Amino acid sequence: MAERVLMKGNEAIAEAAIRAGCRHYFGYPITPQTEIAAYMAKKLPKVGGIFLQAESEIASINMVYGAAATGTRVMTSSSSPGISLKSEGLSYIAGSDVPALVVNVQRGGPGLGGIQPSQSDYFQATKGGGHGDYRMIVLAPASVQEMASLTMKGFDLADKYNMISMILADGTIGQMMEPITFEDAEVATYEKPWALTGTEGKRKHNIVNSLYLKPDELEAKNFERFEKYAIVEENEPMWEEYMMEDAEICVVAFGIASRVAKNAVVAARAEGIKAGLIRPITLWPFPKKALAAAAEKVNGFVSVELSMGQMIEDVRLASGCKKPVALCNRAGGMIPSPDEVLESLRKAQKGEY
Amino acid sequence: MKTTQILIAGFGGQGVLFAGKFLAYKGLMEDLQVSWLPSYGPEMRGGTANCSVVLSETPVGSPIISNPDVLIAMNLPSLQKYVDAVVPGGQIYLDSALIDVKVERTDVEVFYIPATQMAKDEGIATLANMILIGSVLQNNPELSFEGTDTVVSKLVPPKKAALVELNMKALNMGKEYK
């Protein structure tokens, strides 16, 4: 078996990206994700890759766009305000249907906000951020091991669907160290006939572009893209269920909030409260079926978030508003304690949502 | 062992994060589940720093510690901030060379160790952190002293190999302090 090593979450992302065959990183430093860039700066040149610190976030996302158009595996990483700056580029990449991996190690907002962990970019990641009709595959790691495994998965899904995969992490998971093992995994490769690799005079040249001035063409492109998104929604939702078999109250939480929530579920069980947890691993596609199934058997939901309540809207939608949904939240860089979550479970037990 | 939550707090520059790393690697070597979470921010030498280490036989839930089993306080503000959070029956290790107050709680075990003074006297002024850790290992048989040299060798960069011996010396001073 591979060796267990201690690593920061941010470093795990970088190492996993290199193992997934990523040889191009473009970024601009920002707390709390700078270790990703630092790791890439050290390691990428040794494996024949390119690390480049751009002059800005906007420059770096457009470098990602350019590299992605050649079909190579490429990534960037940033934290909340930096992702806002990159959002124009995200829309262009999505509108060009090229694959890329983008990491957001979230911090408190809005504005320059703070540097402590947050999950308040949920809307930005799952509902847009940039302009136009588009989706990104959004993966939410809850451990250092998942920072690595979801990075590898993210590259694979990006190539499979020619989409952006976003790792939506937070400052805690980025900064913390946990044991991790890297298993030697086969990296799948995908045909990329659309890639700009040089025609060598042998074929018609490819064009990667997001500009369609004829509305009927642009409409057709949008419909075609959404057929692809429908396949992703059908095939790719990922989630974890914890103590859900006989649960009467379903906690929904992702990332670091799910770790706190798990402690609270255990504590609630000790008090005789039948609580369980659904942890979405993909935030888009949201695990709608799991939530819909839970809505049939539980009395209500508690959405635990490091935001003013963003995922809660998807919990309500996916559960068809059949059961009440309470919010247990902290914001601005604060994290709810297991006791705070437990208190909201006690309330839910009494029917107070 | 049961899940042990250890909070180390002090000034930046006192080796708070390093001490935490040592415990985390020790846990890793003993095949435990481990998490290490630093406070991060616009931190600097002289500012406050703390780090949370959870050691467990089962997967670690939250890496954030609200109520530590073990508090290592390396300055007065840290002691004042966290003393009431320690679980009843828990342990508090404090650097009594820098903290001249006594803990009023009677439901916790308190170890007064003048680590900074001891380190200065031995010419290893920067290793007060490891003296405290030595005492933690000595008073928590589950953590044990076994294999500490391997852990230290792993943590000290090859360029600073001479520090391995000094770290071991500090750990032993903490171990033997009564």
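Residues numbered from 1 in each chain as written. Chains lettered and ligands numbered in written order. Predicted model: local features only at pLDDT ≥ 70, side-chain atom pairs only at ≥ 80, totals over all residues. Heavy atoms only, no water.

So, about the domain arrangement of chain A. A common way to state how big an interface is: give the accessible area lost once the parts meet. Residue and element names in this part refer to chain A. On domain assignment, one finds that chain A holds domain 1 (5-235) and domain 2 (240-349). Taking only C-alpha atoms into account, the centre of domain 1 sits 28 Å from that of domain 2. Listed per partner, the contact involves 33 residues of domain 1 and 29 residues of domain 2. Counting each side, the surface lost to burial between domain 1 and domain 2 is near 2400 Å², with a carbon and sulfur contribution of 56%. (Domains from an automatic or database assignment. Contact = heavy atoms within 4.5 Å. Buried area = accessible area lost by both parts, 1.4 Å probe.)

All names here are of chain A. Tracing the sequence through the fold places Glu35 in helix H2 (residues 34-43). Linking Glu35 and Phe223, residues 188 residues apart in sequence, is a C-alpha distance of 39 Å. For Glu35, the contacting residues outside a window of four places in its chain are Lys8, Asn10, Glu11 and Gln175. (Helix = DSSP H or I, 4+ residues; strand = E, 2+ residues; numbered from the N terminus.)

The subject of this paragraph is the pairing of strand S7 (residues 164-170) of chain A. Residue and element names in this part refer to chain A. Taking burial as the measure, the seven residues of S7 include seven buried ones, the bulk of the element. As paired strands, strand S5 (residues 100-106) and S7 are joined by seven bridges and run parallel to one another. Among the inter-strand pairings, Leu101 is bridged to a residue of S7, identified as Ser165. With three bridges joining them, strand S6 (residues 137-139) and S7 adopt parallel strand pairing. (Buried < 20%, exposed > 50% of the residue type's maximum accessible area, 1.4 Å probe, protein only. Pairing = 2+ DSSP bridges.)

Once that is clear, we can look at the packing of aromatic side chains. This structure, assessed with the given rule, holds five aromatic pairs over all chains. A centroid spacing of 5.8 Å and a plane angle of 35 degrees characterise the contact between Tyr122 of chain A and Phe254 of chain A, whose relative ring orientation is tilted. In this pair, Tyr122 of chain A is assigned in helix H5 (residues 122-127) and Phe254 of chain A in the loop between strand S10 (249-252) and helix H9 (255-270), connecting sequence segments 132 residues apart. Take Tyr122 of chain A and Phe254 of chain A: they sit in the same class, and that class is buried. Ring geometry for Tyr229 of chain A against Trp284 of chain A: centres 5.8 Å apart, planes inclined by 75 degrees, an arrangement best described as edge-to-face. Remark: Trp284 of chain A occurs in strand S12 (residues 282-284) and Tyr229 of chain A occurs in helix H8 (residues 215-235); sequence separation between them is 55 residues. Aromatic ring contacts, followed pair by pair, group Phe226, Tyr229 and Trp284 of chain A into a single cluster. One cation-aromatic arrangement involves Lys262 of chain A over Tyr242 of chain A; the distance from NZ or CZ to the ring centre is 5.0 Å. Over the face of the ring belonging to Phe145 of chain B we find Lys175 of chain B, whose NZ or CZ atom lies 4.6 Å from the ring centre. (Phe/Tyr/Trp six-rings, centres within 6.5 Å; stacked < 30°, edge-to-face > 60°. Lys NZ or Arg CZ within 6 Å of the ring centre and 35° of its normal.)

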